[in-house]
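# Topology and contacts: notes
Each chain, letter by letter, is given below.
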Amino acid sequence: MSTNDNKAQPGNGRLELLWTILPKLPLIAKVVLLHLFGMSEASKYIDLRTDLTVSVIRSMMTPAKPRSIAETQAMSLRDPGVKGKIWVSTASAKVPPEEGIRDALLAAIDGMRAPEDRGKAPSFKIPNIIPVEAEWTGYRAAAGKDEPLPAILEVEKYHEMMKEVKNKTTFLYFHGGAYYLCDPATHRGAVKTLAKLTGGRAYSVRYRLAPQNAFPSALLDALVSYFTLLYPPPGSFHEPVAPGDVVLAGDSAGGNLCLALLQTILELRRQNRKVAWFGEEREVPLPAGLTAFSPWVDLIQTFPSLWKNQKWCYLPPPSLLSEESRAKEDGIWPAKPPRRHLYVDDAYLLHPLASLQLNETWEGAPPIYVSCGWETLADEDKYLVSRLTRDGVTVVFEEYEAMPHVFGVLLPKLAESRRNLDGLTKFAKAVTEDPTKVQSSYTTIRAKTLEEAKIDADKLSPFTDEEVRDMARKKVLGEKGQLAPVPDVPAKL
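This one's a predicted model, so the numbers in the text were calculated from it and none came from an experiment.

Conventions used here
- Residue numbers restart at each chain and count upward from 1, following the sequence in its written direction.
- Given that this is a predicted model, residues contribute local features only at a pLDDT of at least 70 and side-chain atom pairs are listed and counted only at 80 or more, while totals for whole chains, interfaces and linings are drawn from all residues.
- Excluded from the side-chain calculation are hydrogens and water; included are all heavy atoms of the structure.
- Only DSSP runs of H or I reaching four residues or more are called helices, and only runs of E reaching two or more are called strands; each is numbered from the N terminus.
- Radius of gyration: over C-alpha atoms. The globule rule applied is 2.2 Å multiplied by the number of residues raised to the 0.38 power.
- Any two residues whose heavy atoms approach within 4.5 Å are treated as being in contact.
- Whenever Lys or Arg places a side-chain nitrogen within 4 Å of a carboxyl oxygen from Asp or Glu, that contact is recorded as a salt bridge.
- Summary of the burial criterion: residues with accessible area below 20% of their type's maximum are buried, those above 50% are exposed, and those between are partly exposed, where the area comes from a 1.4 Å probe applied to protein chains only.
- Axis lines are fitted to C-alpha atoms, over the contacting stretch for helices. Their N-to-C directions set the angle, which ranges from 0 to 180 degrees.
- Note on convention: the crossing is left-handed when the near helix lies turned anticlockwise from the far helix by less than a right angle, right-handed when the turn is clockwise.
- Residue type decides the class: Asp, Glu, Lys and Arg count as charged, Ala, Val, Leu, Ile, Met, Phe, Trp, Tyr, Cys and Pro as nonpolar, and the leftover types, Gly among them, as polar.
- Of all possible arcs, the one meant is that of the directions from the helix axis to the C-beta atoms.
- Whether two strands pair depends on DSSP finding at least two bridges between them.
- Residues grouped as a nonpolar core are buried Ala, Val, Leu, Ile, Met, Phe, Trp, Tyr and Cys residues, joined through side-chain atoms within 4.5 Å.
- The term polar contact refers here to a pair of N or O atoms within 3.5 Å; inside protein, the definition further demands a hydrogen-donor-capable atom paired with an acceptor-capable atom, and it admits residues adjacent in sequence only when both atoms are side-chain atoms.
- Put simply, angles under 35 degrees are roughly parallel, angles over 145 are roughly antiparallel, angles from 65 to 115 are roughly perpendicular, and the rest are oblique.
- Any helix carries an expected span of 1.5 Å times its number of residues minus one.
- Like-charged residues are merged into a patch within 9 Å and nonpolar side chains (Val, Leu, Ile, Met, Phe, Trp, Tyr) within 5 Å, provided each residue has over 30% relative accessible area and no salt bridge.
- Residue-level accessible areas treat just the shown protein chains as cover; the underlying method is Shrake-Rupley with a 1.4 Å probe.
- For every residue, the pLDDT score states the predictor's confidence, bounded by 0 at the bottom and 100 at the top.

When helices and strands are tallied, the chain shows 14 helices and 14 strands. For 493 residues, the compact-globule formula gives about 23 Å, and the C-alpha radius of gyration of the chain, at 22 Å, lands near that figure. Dimensions of the chain, computed from the C-alpha atoms along their principal axes, are close to 65 × 65 × 50 Å. Expressed as a percentage of contacts within the chain between residues at least 6 apart in sequence, the contacts between residues at least 24 apart total 81%.

Below you can see the structure in the form of structure tokens.
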């Protein structure tokens, strides 16, 4: 099996988009009137276009007639094609002859389990090592707006891209999509911008999607991709990339994945473990840093902003472990054997490589950049930043007034988005040049004016570590401290 199995497919969505928008006309009229007359709170912070975009997307995220998981996933995997000022060279990592990298991941997962569970056989299906596909992405300065890629081999595209790379920064990028949606094809615009603003390049990973491939399949693909950059398998396009040139990056679930990859790396280093990889025992070095747009930290959805910040965001209300909101049954969901979460088996819902707020320590991590808006994930992101700070990690945090989830990717023309991407890429260049010069900072970016105000790091999050653990345990185990049964009909994401 290859990650190409869930590769985005070509599609013409203009007609479908029209039919999707038509039923929203009453909503659009309401938003326009409230905004123009200054009767909505959003009108004080964002322009009409943004208000409309967020409102329409929010309504589409909670359709009156729920779709199946397979249908929703297929819609998200349509490839818009490659044209314009972007280089894309598709590469596929060869499978190593050893199983050392999978063994290392399993050792990290086991080492981070509760002490009483360590050494027990994992209850999840152990994933195979597969040829993980990725898109080398760079900026193509001389291309016209609609100019297609030249009809040359993928390796030739890679070398043409490298002629335009002026900076050593290499993003290892993981797209968002709740672990079951999207693809590198859906995120090419954002990834191209990262390459353009840094003068570097990106390796955007086509990791395996849930629910077909549950935890830790995506994490294994992420670890394989990191090793592929550092220690290229035979026949690879690229030369070895120095770990000090690699910046882990992702948005939403991709932010969760790159943070989980970082914790895996930290755990393997704590275990002083080397990895058998194409005939060599390889070290597990740290990357230069990590950048995350609105990272999804709390996969089990426990923080209050998931409800309180709904008016600023388009994400649906929490329903991942709820019996109140259900997707239609199809060939891929419910899973067999059944589980409550699309991505994680029940026994691992509280594992710190899934629910990142439960990690014991981030000590030893490289510098990390986190941005978020006034979105539903704000509480968990600010708790993460608070915890990183207390663990001695250098953190650059930016909170953007009135902005929704992953606004920098979703609304690239906004001034706030340009400021977001500028801050992220400056951080990435700095950590690959000299990470010791990067200093922690915590900033609010005001809506419209982009004025900056410092945030007191000690007041970032009101939640103690014990409160966070209690919220997670109660959500998963219930008041009696027992794993809740799998509902007869699974929850809709």
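Inspection of the entire model under this criterion finds 28 salt bridges. The salt bridge partner of Glu41 is Lys311, with a shortest N-O separation of 2.7 Å. Placement of Glu41 in the loop between helix 2 (25-36) and helix 3 (48-61) and of Lys311 in the loop between helix 10 (305-308) and strand 11 (368-372) is noted, with a sequence separation of 270 residues between them. What makes Glu41 partly exposed here is its relative accessible area of 36%. When the shortest N-O distance is used, the salt bridge between Arg206 and Asp183 registers 2.6 Å. Here Arg206 is found in strand 6 (residues 201-206), whereas its partner Asp183 is found in the loop between strand 5 (170-174) and helix 7 (188-198), with 23 residues between them in sequence. Pair check on accessibility: Arg206 and Asp183 agree, each one buried. Several salt bridges converge on common partners, so that one network encompasses Asp79, Glu133, Glu135, Asp183, Arg188 and Arg206.

Further remarks concern unusual backbone geometry. The residue after Ala210, namely Pro211, is reached through a cis peptide bond having omega -5 degrees. Cis geometry marks the peptide bond from Phe215 to Pro216; its omega dihedral reads 10 degrees. Relative to the elements of secondary structure, Pro216 occurs in the loop between strand 6 and helix 8 (217-230). Although it is not a glycine, Ala178 adopts a positive phi angle of roughly 60 degrees. For Ala178, the position within the fold is in the loop between strand 5 and helix 7. Relative accessible area serves as the criterion here: at 18%, Ala178 is assigned to the buried category. Backbone geometry places Val406, a non-glycine residue, at a positive phi of 50 degrees. With respect to the helices, strands and loops of the structure, Val406 is situated in the loop between strand 12 (395-400) and helix 12 (407-410).

Now for the packing of helix 2 against helix 3. In contact at an axis separation of 10 Å, helix 2 and helix 3 are set at 145 degrees when each is read in the N-to-C sense. Relative to helix 3, the crossing made by helix 2 is right-handed. On the side of helix 2, the interface is formed by Leu27, Ile28, Val31, Val32, His35 and Leu36, while helix 3 contributes Leu48, Asp51, Leu52, Ser55, Val56 and Ser59. Each residue belonging to the contact of helix 2 with helix 3 can be placed in one class, and the counts come to eight nonpolar, three polar and one charged.

It is worth spelling out helix 6 (residues 154-162) at this point. Residues lying three or four places apart along an α-helix face the same way, a consequence of the helix completing one turn every 3.6 residues. Within helix 6, the full set of buried residues consists of Lys157, Tyr158 and Met161. Burial along helix 6 is one-sided: seen end-on, the buried residues are contained in an arc of 100 degrees. Buried residues along helix 6 sit against strand 3 (86-92), strand 4 (133-139) and strand 6.

Time to look at the sheet that holds strand 10 (residues 289-293). Within the open sheet, the 10 strands sit side by side as 3-4-6-5-7-10-11-12-13-14. Their pairing is mixed. The sheet terminates laterally at strand 3 and strand 14 (452-454), the two strands that pair on one side only. Each neighbouring strand pair of the sheet contributes to a mean axis angle of 20 degrees, computed without reference to strand direction. Where helix 7 meets the sheet, its contacts fall on strand 3, strand 4, strand 5, strand 6 and strand 10, and the angle it forms with strand 4 comes to roughly 50 degrees. Its contacts with the sheet place helix 9 (residues 253-270) against strand 5, strand 7 (246-251), strand 10 and strand 11, and it is angled at close to 145 degrees to strand 7.

Attention now goes to the nonpolar core. Grouped together as the largest cluster of nonpolar side chains are 130 residues, with contacts concentrated most on Leu172 and Leu261. With sequence-adjacent residues up to four places away left out, Leu261 is seen in contact with Leu172, Phe174, Leu219, Ala222, Leu223, Tyr226 and Leu248.

With that settled, consider the side chain of Gln357. Of note, Gln357 is situated in the loop between helix 10 and strand 11. Assessed through its relative accessible area of 4%, Gln357 is described here as buried. Only 2.8 Å separates the side chain of Gln357 from the side chain of Asp298, close enough to count as a polar contact. Once you skip the residues sitting within four places of it in the chain, Gln357 turns out to touch Val297, Asp298, Ile300, Thr302, Phe303, Tyr383, Val468 and Ala472.

A few words now on the packing of helix 5 (residues 100-111) against helix 9. Working note: a packed helix pair is described by the angle between its axes plus the distance between those axes. Close contact between helix 5 and helix 9 brings their axes to 9 Å; oriented N to C, the two are set at 90 degrees. Looking at the two axes, helix 5 sits roughly perpendicular to helix 9. Residue-level inspection shows Ala104, Leu105, Ala108 and Gly111 of helix 5 in contact with helix 9, the latter providing Thr264, Glu267 and Leu268. In the contact of helix 5 with helix 9, the residues fall into four nonpolar, two polar and one charged.

Now for helix 8. With 14 residues, helix 8 should reach 20 Å at 1.5 Å per residue; the first-to-last C-alpha distance of 20 Å fits that figure. In terms of burial, helix 8 is a largely internal element, 14 of the 14 residues being buried.

What follows deals with a nonpolar patch on the surface. A contiguous nonpolar surface patch, about 500 Å² in accessible area, is contributed by Leu33, Leu36, Phe37 and Met39. Structurally, Met39 can be placed in the loop between helix 2 and helix 3. The class for Met39 is exposed, based on a relative accessible area of 60%.

With that settled, consider the confidence of the model for the chain. Per-residue confidence for the chain gives a mean pLDDT of 92; residues scoring 70 or more make up 91%. Of all helices and strands in the chain, the one with the weakest mean pLDDT is strand 1 (residues 9-10) (57), whereas strand 5 scores best (99). Below a pLDDT of 50 lies the segment residues 486-493, which in the model reaches 34 contacts outside its immediate sequence neighbourhood of four places, other chains included.

In this section: the environment of Asp434. Along the polypeptide, Asp434 turns up in the loop between helix 13 (415-433) and strand 13 (441-445). Placed 146 residues apart in sequence, Asp434 and Ala288 show a C-alpha to C-alpha distance of 9.0 Å. At 2.5 Å, the side chain of Asp434 and the side chain of Thr436 are in polar contact.

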